[in-house]
2 protein chains.
Amino acid sequence: MSRMEIFGIEGIGEISAGTNLADVIAEAAASDQGTVLRDGDVLVVTQKIVSKAENRLVAIDPNDPLSHKPLVEQESVRILRRRGDLIISETTHGFVCANAGIDLSNVERGWAALLPVDSDRSARRIRDGLRHRSGVEVAVVISDTFGRAWRRGVTDVAIGCAGVAGVVDLRGTADALGREMQVTEVAVVDEIAAAAELVMGKSTGIPVAVVRGIDPTWLRDGSVRSEVIRKPSEDLFR
Amino acid sequence: MSRMEIFGIEGIGEISAGTNLADVIAEAAASDQGTVLRDGDVLVVTQKIVSKAENRLVAIDPNDPLSHKPLVEQESVRILRRRGDLIISETTHGFVCANAGIDLSNVERGWAALLPVDSDRSARRIRDGLRHRSGVEVAVVISDTFGRAWRRGVTDVAIGCAGVAGVVDLRGTADALGREMQVTEVAVVDEIAAAAELVMGKSTGIPVAVVRGIDPTWLRDGSVRSEVIRKPSEDLFR
């Protein structure tokens, strides 16, 4: 737990609809200077290639800068704020983000990428595929880039996970002075996504990173949907 | 940029008012299995030891669980939400967080730790101290644990920094398909704080971590206050 390594997997090419991501990742890892995936590694996979592999691309008018806006409405269950062209909404998945997570960068002109339908399932599929193909027991986090309230700048967060906790509950763990701590539920899966982003960057074409050295007690069944998404009824800012 | 290492510095003992943190960190690093700080390392230092060193502890009635509440009001310029004992407010520094960032865990019973007065300055002081003492050019991030809107669980974010960018502006950088990207301002300093938390944990007594391998172009003058804090007038959720 006191040492971690994070590195990108080089050589993952363009992904198209139907690509088996587990196969592509295993092959790229094997040929990237002999990087070998190990049990306990956490693979962070960017939403963009998951959306492409799952055929979540939708054609839009390339000459109309607002042509993806009807998609934003379609992918949203509730609009929270509008400012100019920006829409902050709650998506059908329960995420609160700009433009329903629909992205036009790193996709071909004339196409928009919607979020995966169920990113926890997407993560499980990659995890199961790697176990089946390589016999390796990795966790998988699907990451995307979201803005936040109150703070400038975007950060990467988790939109799906498998084999790793979404939130680790430190309620009742003794603190360093031996007393019982106040409730501390840490969204480790979001911290993992953020950490991976530091090596993936935004435009370097490295859509998968390995986070090695995670506390093994965090490697359990996990879900962003059921652990990380805050219900509207529990949310003070919706 | 494609490989990073993160590790905690062991052996940092209890910190008290007036402790020179740069000295303590340099000594602990030197005796922790010969860990040697290098130019370009980013040191992430938790708020708690900074507040202790800067004598930001305030006595409270240990038998009254609400005795820190007047401090929350004093440290706040605006209350955003209340629910039961929980207060979400904007602090005098401009942070939006629970209980004005005042913490009772990992401090002696009967004491509360306020946030540093100016965490960017605290970071500069540690950075300058290490340069002066050891001739090493490190960046410093002061981290704290905040909740978020819309998502469950807390994550570590930066409350101050020196020698590293708060936000990296990728506006206009070409994406992997060679087209100009949409505006992407990444709060790398928050991602660094989150990454460090993965090795520090909440109760392991490791209050300083090293993040090694950050993109060297991010190592410039930086400030959480001027880069990361969103002005109320620009904020859709205040």
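Residues numbered from 1 in each chain as written. Chains lettered and ligands numbered in written order. Predicted model: local features only at pLDDT ≥ 70, side-chain atom pairs only at ≥ 80, totals over all residues. Heavy atoms only, no water.

Colleague: Would you explain the relation of the copies chain A and chain B in this entry?
Modeller: Between the two copies of this chain, the relationship is a rotation about some axis together with a displacement along it. Rotating chain A by 180° and translating it 0.0 Å along the rotation axis places it on chain B, where the RMSD comes to 0.0 Å. Accordingly, the operation relating the two chain copies is best matched by a two-fold axis. (Least-squares fit on C-alpha atoms with pLDDT ≥ 70 in both.)

Colleague: Explain the sheet that holds strand E4 (residues 76–83) of chain A to me, please; I cannot follow it from the model alone.
Modeller: Two modes of strand pairing occur in sheets, parallel and antiparallel, and in both the strands are linked by backbone hydrogen bonds. Residues and elements named next belong to chain A. Strands sit in the order E4-E5-E6 across an open sheet of 3 strands; the sheet is antiparallel. Only two strands of the sheet have a single neighbouring strand rather than two, namely E4 and strand E6 (96–98). Within this sheet the neighbouring strands show an average axis-to-axis angle of 25°, counted without direction. (Pairing = 2+ DSSP bridges. Helix = DSSP H or I, 4+ residues; strand = E, 2+ residues; numbered from the N terminus. Axes fitted to C-alpha atoms, helices over the stretch in contact; angles between N-to-C directions.)

Colleague: For this particular structure, what's the right way to read the pattern of salt bridges?
Modeller: Scanning the entire structure with this criterion turns up 38 salt bridges over all chains. Put simply, Glu14(A) and Lys52(A) hold a salt bridge, and the shortest N to O gap is 3.4 Å. One end of the pair, Glu14(A), is in the loop between strand E1 (3–8) and helix H1 (21–31); the other, Lys52(A), is in helix H2 (residues 47–53), and 38 residues separate them in sequence. For Glu14(A), a relative accessible area of 57% puts it in the exposed group. The exposure class of Lys52(A) is buried, given its relative accessible area of 9%. Close ionic contact of Arg131(B) with Glu137(B) constitutes a salt bridge, the shortest N to O distance being 3.0 Å. For Arg131(B), a relative accessible area of 33% corresponds to the partly exposed category. Given the relative accessible area of 33%, Glu137(B) is considered partly exposed. Connected via shared salt-bridge partners are Arg78(A), Glu90(A), Asp235(A) and Arg238(A). (Salt bridge = Lys/Arg side-chain N within 4 Å of Asp/Glu carboxyl O. Buried < 20%, exposed > 50% of the residue type's maximum accessible area, 1.4 Å probe, protein only.)

Colleague: Please explain the packing of aromatic side chains as it appears in this structure.
Modeller: The description of an aromatic ring pair rests on the distance of the ring centres and on the angle between the ring planes. Residue and element names in this part refer to chain A. This model, assessed by the stated rule, comprises 4 aromatic pairs over all chains. Here the aromatic rings of phenylalanine 95 and phenylalanine 146 are separated by 5.9 Å at their centres, their planes lie at 70°, and the arrangement is edge-to-face. Of this pair, phenylalanine 95 sits in the loop between strand E5 (86–91) and E6 while phenylalanine 146 sits in strand E8 (residues 139–146), placing them 51 residues apart in sequence. Classification of phenylalanine 146 by relative accessible area gives buried; the value is 5%. (Phe/Tyr/Trp six-rings, centres within 6.5 Å; stacked < 30°, edge-to-face > 60°.)

Colleague: Would you take a moment to explain the state of the cysteines for this structure?
Modeller: A covalent bond bridging the sulfur atoms of two cysteines is what the word disulfide describes. Residues and elements named next belong to chain A. Per the counting criterion, the structure on display carries 0 disulfides over all chains. Of all cysteine sulfurs, the one in cysteine 97 lies closest to cysteine 161, which takes part in no disulfide; the gap is 17 Å. Owing to a relative accessible area of 0%, cysteine 161 belongs among the buried residues under this scheme. (Disulfide = S-S within 2.5 Å.)

Colleague: Looking at this model, I keep getting lost on the environment of Gly205(B). Mind explaining?
Modeller: All names here are of chain B. Within the element layout of this structure, glycine 205 appears in the loop between helix H5 (188–200) and strand E12 (208–212). The class of glycine 205 is partly exposed, set by a relative accessible area of 42%. For the pair glycine 205 and valine 141, spaced 64 residues apart in sequence, the C-alpha separation works out to 18 Å.

Colleague: Would you mind showing me how to read the confidence of the model for chain A here?
Modeller: Parts of the prediction with low pLDDT should not have their coordinates interpreted in detail. Across chain A, the average pLDDT comes to 91, with 92% of residues at or above 70. What the predictor reports for the complex is a pTM of 0.95 with an ipTM of 0.95. (pLDDT = per-residue confidence, 0-100.)

Colleague: I tried to follow the domain arrangement of chain A on my own but got confused; where do I start?
Modeller: Size of an interface, as often reported, equals the accessible area lost when the parts are brought together. Residues and elements named next belong to chain A. Segmentation of chain A into domains returns domain 1 (5–54 + 116–229) and domain 2 (57–115). For domain 1 and domain 2, the distance between their C-alpha centroids amounts to 23 Å. Domain 1 puts 14 residues into the contact, and the matching count from domain 2 is 14 residues. Taken together, both faces of the contact between domain 1 and domain 2 bury some 1,200 Å²; the carbon and sulfur share is 58%. Together, Lys48, Phe146 and Ile229 form the three largest contributors to the area buried by domain 1 at its contact with domain 2, with a combined 41%. (Domains from an automatic or database assignment. Contact = heavy atoms within 4.5 Å. Buried area = accessible area lost by both parts, 1.4 Å probe.)

Colleague: Sorry, what's going on with helix H4 (residues 119–134) of chain B here?
Modeller: Within an α-helix, residues lying three or four positions from one another point in the same direction, as the helix has 3.6 residues per turn. Residues and elements named next belong to chain B. Given a rise of 1.5 Å per residue, 16 residues ought to cover 22 Å, and the 22 Å separating the end C-alpha atoms of H4 matches this to within 8%. Looking at H4, one finds that the buried residues are Ser119, Asp120, Ser122, Ala123, Ile126, Arg127 and Leu130. Taken down its axis, H4 places every buried residue within 165° of arc, on the same side. The elements touched by buried residues of H4 are helix H1 (21–31), strand E2 (42–46), helix H2 (47–53), strand E8 (139–146), strand E9 (155–162) and helix H6 (224–227). Residue aspartate 118 occupies the N-cap position of H4, its side-chain oxygen lying 3.2 Å from the main-chain nitrogen of aspartate 120. (Expected span 1.5 Å × (residues − 1). Arc of directions from axis to C-beta. Polar contact = N/O pair within 3.5 Å; in protein donor to acceptor, adjacent residues only side chain to side chain.)

Colleague: Looking at this structure, how should I read the environment of Gly135(A)?
Modeller: Residues and elements named next belong to chain A. For glycine 135, the position within the fold is in the loop between helix H4 (119–134) and E8. Judged by relative accessible area, which is 56%, glycine 135 ranks as exposed. For the pair glycine 135 and aspartate 39, spaced 96 residues apart in sequence, the C-alpha separation works out to 8.9 Å. Those residues in contact with glycine 135 that lie beyond four places of it in its chain are Asp39 and Leu130.

Colleague: Could you clarify how one ought to interpret the packing of H1(B) against H4(B) in this entry?
Modeller: Each pair of packed helices gets described by two things: the angle between the helix axes and the distance between those axes. Residues and elements named next belong to chain B. Taken N-terminus to C-terminus, the directions of H1 and H4 make an angle of 55°; their axes are 8 Å apart at the nearest point. With respect to H4, the element H1 is oriented oblique. The interaxial crossing formed by H1 with H4 has right-handed handedness. Of the residues in H4, those touching H1 at Leu21, Ala22, Asp23, Ile25, Ala26 and Glu27 are Ile126, Gly129, Leu130, Arg133 and Ser134. (Parallel < 35°, antiparallel > 145°, perpendicular 65-115°, else oblique. Left-handed = near helix turned anticlockwise from the far one by under 90°.)

Colleague: Looking at this structure, how should I read the sheet that holds strand E5 (residues 86–91) of chain B?
Modeller: Residue and element names in this part refer to chain B. The strand order across the open sheet built from 3 strands is E4-E5-E6, with neighbouring strands paired in antiparallel fashion. Edge positions in the sheet fall to strand E4 (76–83) and strand E6 (96–98), since each has one partner strand and no second. Going across the sheet, the axis of each strand differs from the next one's by a mean of 25°, ignoring polarity. Bridge count for E5 against E6 is 3 bridges, and the pairing is antiparallel. In the sheet register, serine 89 faces E6, and the bridge partner there is cysteine 97.

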